[in-house]
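Results of the structural survey
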Amino acid sequence: MKTTYKILTLAIAIGASSANAANYAIEARGDAMGGVGVVSANFLTAPFYNPALTAIYRRNDDVGMIIPSIGLSYSDEDNMVDDLDTAASLIDSIDSSNPNLGDVASLQQSLDSLEGDNAKLEIGGVVAFAIPNQYIAANVFGKAYVESFAAPDIYTGANTGNSSTDTLVNAELSAVNAVAIGVTEIGISLAKYQTFLGQHISFGVTPKIQRIYTYVYSANLNNYDIKDVTEDGTGETMFNMDAGFLWFHGPVRLGFSATNLISRDINTVTSTQTLTSSIDSSQSRTLDIGYAYQMRPQYTVGAGFVADYATISVDYDINEDERFTGFDDNTQWLRVGGELDIMRQLKLRAGYKRNLAYEDSDDTITAGIGISPLNLFQLDIGGSYTNENSMGVYVNFLGSY
């Protein structure tokens with residue numbers, strides 16, 4: 001099996017083992033609009049952006065359902081999969097007793113290319129059942145998402161006295177390390193709309209139960225077994241809370257949301273393995289692979305113009321989310337998105353987002369459509385594009401009655 005397929009299967013296997021999970025919203029309408037939602041989400045998608053929006057609905061909305069929303073995105077901006085495929089093929093083909101110097105040079109180039117590479121896969125889904133009312137609007141939801149990261153660990157310590165042999169030994173003692181976190185949530189968003197000193201406001205809270213799974217995995221560049229991925233894993237259950245606020249005057253809105261208000265440091269298990277060179281048995285290394293995941297409150301502000309037939313909105317993360325130690329996976333998003341509603345039958349959407357945590361990160365553009373045949377149900381489809389190695393696709397199926 002080619003390494004390309006191995007690493008994709010590795011990431012998908014990690015993701016599937018954590019209850020089919022992905023990014024934090026996993027909602028095709030918002031994802032098509034650059035990920036905005038603090039002021040532009042609706043009462044059905046409110047738990048995933050701002051619980052205060054649970055209380056904002058049309059008079060003829062009696063009940064609503066998302067059944068379901070699913071999403072998948074991947075990122076391989078450094079071409080890690082291609083670099084790994086090349087290195088693995090060379091490792092398998094080179095005769096260590098009589099190596100071709102050109103192949104050895106190509107292998108060293110592949111190892112150099114793998115330095116600093118990483119790849120990421122996100123999978124997820126949500127369901128929701130909302131009951132809007134003038135007293136305490138409610139939305140019961142379930143969400144599952146997983147984030148999987150893989151990165152090479154290139155060894156450079158071989159000292160056999162021969163440069164070609166050193167390259168072969170370094171390749172044998174190099175590894176691919178992977179880590180994944182999967183989160184399943186069940187909760188209820190409760191919100192209340194009211195006027196205060198002539199101002200229209202709503203506020204909401206979301207108590208929720210989270211089950212958090214972590215997995216780690218490490219293996220040689222050209223020799224790992226997918227069935228071993230879930231051997232080093234752990235899980236824990238915790239209570240958490242989201243909160244949100246919305247002010248609006250006509251179509252103009254301002255909002256604030258806070259997610260995961262209860263902090264938690266989550267440590268993975270430590271995976272230990274010893275790699276020994278088949279070329280020179282005196283050359284070996286021991287890998288102790290373990291990571292920490294920081295779950296911290298995320299604060300986001302939003303502003304927008306939300307009218308019946310047009311929406312434009314901006315969301316900004318106030319703080320940087322650091323997440324896994326040892327991986328460049330920090331995020332602090334600036335999101336911009338808009339929607340044009342054509343006779344409540346067709347919705348055209350587009351958006352843009354940028355990760356402010358890294359100055360050299362590529363921007364992401366998004367787009368999508370919503371189809372509402374006779375207003376019986378709604379199908380939302382969204383996609384994201386960062387570059388040819390980083391894309392995503394999202395689908396919602398929902399109805400309100």
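Structural data are supplied above this passage.
This section reports on the structure supplied with the text. Since the structure is predicted, the reported quantities are computational estimates derived from the model, not experimental observations. (Residues numbered from 1 in each chain as written. Predicted model: local features only at pLDDT ≥ 70, side-chain atom pairs only at ≥ 80, totals over all residues. Heavy atoms only, no water.)

Quick word on the packing of helix α3 (residues 80–93) against helix α4 (residues 101–114)
Orientation of α3 relative to α4, taken along the N-to-C sense of each, is 150°, at an axis distance of 9 Å. Judged on the interaxial angle alone, α4 and α3 are roughly antiparallel. Seen from above, α3 lies across α4 with left-handed handedness. Of the residues in α4, those in contact with M80, D83, L84, T86, A87, L90 and I91 of α3 are D103, S106, L107, S110, S113 and L114. (Axes fitted to C-alpha atoms, helices over the stretch in contact; angles between N-to-C directions. Helix = DSSP H or I, 4+ residues; strand = E, 2+ residues; numbered from the N terminus. Parallel < 35°, antiparallel > 145°, perpendicular 65-115°, else oblique. Left-handed = near helix turned anticlockwise from the far one by under 90°. Contact = heavy atoms within 4.5 Å.)

Quick word on the nonpolar core
Within soluble globular proteins, side chains that are nonpolar generally end up buried alongside one another. With 41 residues, the main nonpolar core has F48, I66, I181, I212, L246 and F324 as its most contacted residues. Mapped by element, the contributors of at least two residues to this core are β2 (119–131), β3 (137–153), β4 (175–196), β5 (199–220), β6 (233–249), β10 (284–289) and β11 (292–295). With four residues, β4 is the largest single contributor of residues to this core. Every residue in contact with I212, bar those within four places of it in the chain, is listed here: I181, G182, V183, T234, G235, E236, M238, I266 and M295. (Core = buried A, V, L, I, M, F, W, Y, C linked by side-chain atoms within 4.5 Å. Buried < 20%, exposed > 50% of the residue type's maximum accessible area, 1.4 Å probe, protein only.)

Re the pattern of salt bridges
Following the criterion strictly, the structure yields 16 salt bridges and no others. A salt bridge links K143 to E185, with the nearest nitrogen and oxygen atoms 3.8 Å apart. You can see K143 sitting in strand β3 and its partner E185 sitting in strand β4, a full 42 residues away along the chain. Assigned by exposure class, K143 and E185 land together as buried. A salt bridge links K347 to D341; its shortest N-O distance comes to 3.8 Å. Comparing K347 with D341, the two get one shared label, buried. (Salt bridge = Lys/Arg side-chain N within 4 Å of Asp/Glu carboxyl O.)

Considering a nonpolar patch on the surface
Judged by side-chain polarity, F203, I209, F239, F245, F256, L261, I262, Y299, V301, Y316, I318 and L356 come together as a nonpolar surface patch covering roughly 960 Å² of accessible area. Among the secondary structure elements, those contributing two or more residues to the nonpolar patch are β5, β6 and β12 (298–306). You can see Y299 is positioned in strand β12. Y299 gets classed as partly exposed once you look at its relative accessible area, which sits at 32%. (Patch = residues over 30% accessible without salt bridge, like charges linked within 9 Å, V, L, I, M, F, W, Y side chains within 5 Å. Areas by Shrake-Rupley, 256 points an atom, 1.4 Å probe, with all protein chains shown as cover.)

Some words on the sheet that holds β11
Strand order in the open sheet formed by three strands is β8-β11-β14, with antiparallel pairing between adjacent strands. Two strands in the sheet have a free side with no partner beyond their single neighbour: β8 (264–267) and β14 (323–324). (Pairing = 2+ DSSP bridges.)

Here's the deal with the packing of aromatic side chains
This model, assessed by the stated rule, comprises four aromatic pairs. Ring geometry for F377 against F397: centres 5.2 Å apart, planes inclined by 35°, an arrangement best described as tilted. Of this pair, F377 sits in the loop between β17 (364–371) and β18 (378–387) while F397 sits in strand β19 (residues 390–400), and the two are 20 residues apart along the sequence. In this arrangement the basic side chain of R344 is found over the ring face of Y309, its NZ or CZ atom lying 5.1 Å from the centre. (Phe/Tyr/Trp six-rings, centres within 6.5 Å; stacked < 30°, edge-to-face > 60°. Lys NZ or Arg CZ within 6 Å of the ring centre and 35° of its normal.)

Structural measurements only, silent on function.
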